[in-house]
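Chain by chain, the residues:
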Amino acid sequence: MEFLVWLENTAIANAIRTIPWLYPTFETGHYIGLSLLVGGIMLIDLRVLGFARPLPLKSMIGLLPFVWAGFLINVLTGSLLFIYGATTFGTNGAFLLKMAFMVLAGLNALAFDVSVRRSGGSWVAADRPPSLVKGFATLSLVFWLCVVTTGRWMAYL
Amino acid sequence: MGFLEWLQGTWVGVLVAESLWGYPLFETIHSIGMAMMIGSLGLINLRVLGVKPDLPLLDTRALLPLAWLGFTLNALSGSLLFTSDAVYFWGKYTFRIKMILIILGGINAALLGRRVFREAAAGVPAPPPAASTKWIAFSSLVFWFGAVIAGRLIAYAP
């Protein structure tokens, strides 16, 4: 709690509170990042699960840089939004759930990445994702949708 | 004004506005539909502009069902959110700008579909996109991201 109080009183947090338009700007940036991150992840996961089959699997997995760009935008804007109201957000049930889902989504992405590397990408070239990988793709969709949902509910819980 | 007041007084409007779950639920769906729609349509537009050339241009039409699903989710959830406070939303410039951007984005998507995909369906091999087609794709990205920005600012700006 002391840390949250300190965070909320840093110069940056004060600037976000006093300079008009800073908070809405970061929030808007967070939505643009969301579109890149979740839009990109969704396309990759759905392609692994067999949607949009005419598009090469390898090229669709190649959308990851867009996902990373969205992730970085959202870590940055999200951190700035957080320190603005650290004591409120840091004790918010929906926020804590959101962070938990992000950890799960991250571990899942790591497992996905390890499976791609272990196989040497052979199933990627053959366009035959193993069922384990399809399981990771399904979980990824579920976890990221939960991240969006819990994030949205922060204002109401 | 009569219609807007009637709308927010209907049982649907009252339900979305006053129930604990209504507004946040449709807001959540609106965010998910946004990611779906911008992700798929955005990728098609970027491909027309020459980004990700390893994706076969004509085959990007396989993404259209997802774009339509996202659009439908957002038209529905957006209408329900609007219903909850119709007079307020209609009075906002940001809301009106958002609607104009969506109409422009829709016209652009239809134009792009005709140019890029219609001839392909007839079996004509696709030439690389013309400069004018690239302008449509570029302005489409501007319109849709503009709609996201205007939508987010409804809560903060007149």
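Residues numbered from 1 in each chain as written. Chains lettered and ligands numbered in written order. Predicted model: local features only at pLDDT ≥ 70, side-chain atom pairs only at ≥ 80, totals over all residues.

Caption draft 1: Local environment of the overall build of chain B. From N to C terminus, chain B includes seven helices and zero strands. Listing the helices and strands of chain B from first to last along the sequence gives α-α-α-α-α-α-α. Taken over the C-alpha atoms alone, chain B extends approximately 55 × 25 × 25 Å along its principal axes. Relative to its full complement of 158 residues, chain B shows a buried share of 35%. The contacts in chain B between residues at least 6 apart in sequence include a share of 83% that link residues at least 24 apart. (Helix = DSSP H or I, 4+ residues; strand = E, 2+ residues; numbered from the N terminus. Buried ≥ 20, exposed ≤ 12 C-beta atoms within 10 Å, placed from the backbone. Contact = placed C-beta atoms within 7 Å.)

Caption draft 2: The overall build of chain A, seen in detail. A count of helical and extended segments in chain A gives nine helices and zero strands. Reading chain A from its N end, one meets helices and strands in the order α-α-α-α-α-α-α-α-α. The C-alpha extent of chain A, read off along each of the three principal axes, is 55 × 25 × 25 Å. Per-residue burial over chain A gives 32% buried out of 157 residues. For chain A, long-range pairs separated by at least 24 residues make up 81% of all intrachain contacts whose partners lie at least 6 apart in sequence.

Caption draft 3: Representation of the nonpolar core in the model. Core analysis: the largest hydrophobic core is formed by 62 residues, its most contacted members being V38 of chain A together with A35 of chain B. Setting aside residues no more than four positions away along its own chain, A35 of chain B makes contact with L34, S35, V38, G39 and M42 of chain A. (Core = buried A, V, L, I, M, F, W, Y, C linked by C-beta atoms within 7 Å.)

Caption draft 4: Structural view of the environment of L49 of chain B. All names here are of chain B. Along the chain, L49 falls in the loop between helix 3 (22–48) and helix 4 (64–84). Considered as a pair, L49 and P128 are 79 residues apart in the sequence and their alpha carbons are 10.0 Å apart. In contact with L49, other than residues within four places in its own chain, are K134, A137 and F138.

Caption draft 5: Local environment of the interface of chain B and chain A. Taken together, the contact pairs 26 residues of chain B with 24 residues of chain A. Breaking the side of chain B that touches chain A down by element, the ones donating at least two residues are helix 3 and helix 7 (131–153) of chain B. Of the residues belonging to the side of chain B that touches chain A, the class tally is 15 nonpolar, six polar and five charged. (Nonpolar A, V, L, I, M, F, W, Y, C, P; charged D, E, K, R; others polar.)

Caption draft 6: Local environment of helix 4 of chain B. When the terminal C-alpha atoms of helix 4 of chain B are compared, their 30 Å separation across 21 residues agrees well with the 30 Å that a helix rising 1.5 Å per residue should span. Buried residues in helix 4 of chain B make contact with helix 1 (2–9), helix 2 (11–18), helix 3 and helix 5 (86–90) of chain B. (Expected span 1.5 Å × (residues − 1).)

Caption draft 7: Quick look at the packing of helix 2 of chain B against helix 4 of chain B. Residues and elements named next belong to chain B. Packing of helix 2 against helix 4 brings their axes to within 7 Å, and their N-to-C directions diverge by 90°. The angle between helix 2 and helix 4 falls in the class roughly perpendicular. Along its contact with helix 2, which presents V12, G13, V16 and A17, the element helix 4 presents L80, L81, T83 and S84. In terms of residue class, the contact of helix 2 with helix 4 is built from five nonpolar, three polar and no charged. (Axes fitted to C-alpha atoms, helices over the stretch in contact; angles between N-to-C directions. Parallel < 35°, antiparallel > 145°, perpendicular 65-115°, else oblique.)

Caption draft 8: Inspection of unusual backbone geometry at higher detail. Residues and elements named next belong to chain A. Even without a glycine there, the phi angle at W21 is positive, about 75°. Residue W21 is classed as exposed on the basis of its C-beta count, with 11 C-beta atoms lying within 10 Å. Notably, A52 is not glycine yet its phi reads approximately 55°, a positive angle. Structurally, A52 can be placed in the loop between helix 3 (22–48) and helix 4 (57–61).

Caption draft 9: Examining the packing of helix 3 of chain A against helix 5 (residues 64–84) of chain A more closely. All names here are of chain A. Running from amino to carboxyl end, helix 3 crosses helix 5 at an angle of 150°, the nearest separation of the two axes being 8 Å. Taken together, the axes of helix 3 and helix 5 are roughly antiparallel relative to one another. Here the hand of the crossing between helix 3 and helix 5 comes out left-handed. Only F66, V67, A69, G70, F71, I73, N74, T77, G78, L80, L81 and Y84 of helix 5 make contact with helix 3, whose side of the interface consists of Y23, F26, E27, G29, H30, I32, G33, L34, L36, L37, G40 and I41. Broken down by class, the residue content of the contact of helix 3 with helix 5 amounts to 15 nonpolar, eight polar and one charged. (Left-handed = near helix turned anticlockwise from the far one by under 90°.)

Caption draft 10: Focus on the confidence of the model for chain B. Residues and elements named next belong to chain B. Averaged over all residues, the pLDDT of chain B equals 93, while 94% of them reach at least 70. Within chain B, no element has a lower average pLDDT than helix 6 (residues 93–121), which sits at 91, and none a higher one than helix 4, at 97. Taken over the whole predicted complex, pTM reads 0.94, whereas the ipTM for its chain interfaces reads 0.93. (pLDDT = per-residue confidence, 0-100.)

Caption draft 11: The arrangement of the confidence of the model for chain A in detail. Overall, the predicted model of chain A reaches an average pLDDT of 94, with 100% of residues at or above 70. Looking over chain A, one finds the lowest element-wise mean pLDDT in helix 8 (residues 122–126) of chain A, namely 86, and the highest in helix 3 of chain A, namely 97.

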